[in-house]
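Listed here are the chains, written in short residue letters.
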Amino acid sequence: MARTKAFDTNEVLHKAMSVFGSRGYEGATLPDLITGLGIARQSLYDTYGTKRDLFLTAVKYYMDRKNRDLQELMDQPGTVIDKVEQAFTTMIRVLADPNLRRECFIISSAIEQAPHDEELAAYMHENTEQVEQAFYKMLESGMEQGELSLDLNIRDLSRFLAHERIALVFAAKLGMDEQKLVSIMQIVLSVMKPGKGKF
């Protein structure tokens, strides 16, 4: 009869995101992970495999969850600009929180590691396309409802929005404060408003 695990695997993944987010993939040593995760070395190997396997699992867990949140936002009432603002505001709130942003920083660690890992690079590419598509559907709906200018190239705009979400992560990691992150968001939103920038 299989033994029941003595720990919550999702909770351990949250801790892994924090360790990798704080130290990066290369900087996170096995002792760092064992201490940060609070599980025995053998349990780590038995449940997650290698350090690389744990990292990939944690990246996918974090980013898949954020994609689900974005998809759910699409179904909520409100204008497209309100929804995009909510998506960015939520991310900024996370980045302004000393604890939550350590998990979020796993995104930058994944981007740094992707050129050295084909599977991770393929996942990141697919994830980015999913984010762009989610924004595209929001923008398409907004255009159909007459909320956006018909002059907007919503395919390029959706790519821009996906890029700016990632850019906020790097800006926060470099020390940009919440007020400055919000000012960047306001510029992003202004592009979507009638009479503003064109794509």
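Before any of the text, the structure's been laid out above.
Residues numbered from 1 in each chain as written. Predicted model: local features only at pLDDT ≥ 70, side-chain atom pairs only at ≥ 80, totals over all residues. Heavy atoms only, no water.

Let us look at helix H5 (residues 80–96). Counted at 1.5 Å a residue, the expected span for H5 with its 17 residues is 24 Å, and the 24 Å between its end C-alpha atoms agrees. Listing the buried residues of H5 in full gives Val80, Ile81, Lys83, Val84, Ala87, Phe88, Met91, Ile92, Val94 and Leu95. Buried residues belonging to H5 abut helix H4 (51–74), helix H6 (100–104), helix H8 (118–144), helix H9 (154–173) and helix H10 (178–192). (Helix = DSSP H or I, 4+ residues; strand = E, 2+ residues; numbered from the N terminus. Expected span 1.5 Å × (residues − 1). Buried < 20%, exposed > 50% of the residue type's maximum accessible area, 1.4 Å probe, protein only. Contact = heavy atoms within 4.5 Å.)

A few words now on the packing of helix H7 (residues 106–113) against H9. One way to put it is that H7 packs onto H9 with a least axis distance of 9 Å and a crossing angle of 105 degrees. In terms of orientation, H7 and H9 fall into the roughly perpendicular class. Across from Ile107, Ser108, Ser109, Ile111 and Glu112 in H7, the residues of H9 making contact are Ile166, Val169, Phe170 and Lys173. When the residues that make up the contact of H7 with H9 are grouped by side-chain class, the tally is five nonpolar, two polar and two charged. (Axes fitted to C-alpha atoms, helices over the stretch in contact; angles between N-to-C directions. Parallel < 35°, antiparallel > 145°, perpendicular 65-115°, else oblique. Nonpolar A, V, L, I, M, F, W, Y, C, P; charged D, E, K, R; others polar.)

Right, let's talk about the pattern of salt bridges for a bit. Under the defined criterion, the tally for this structure stands at nine salt bridges. Residue aspartate 53 is joined to arginine 52 by a salt bridge in which the shortest nitrogen-to-oxygen separation is 3.5 Å. Linking arginine 52 and aspartate 117 is a salt bridge whose minimum nitrogen-to-oxygen distance equals 2.8 Å. Linking arginine 52 in helix H4 with aspartate 117 in the loop between H7 and H8, this pair joins segments that are 65 residues apart in sequence. We classify arginine 52 as partly exposed; its relative accessible area is 24%. (Salt bridge = Lys/Arg side-chain N within 4 Å of Asp/Glu carboxyl O.)

Shape descriptors only; they carry no functional weight alone.
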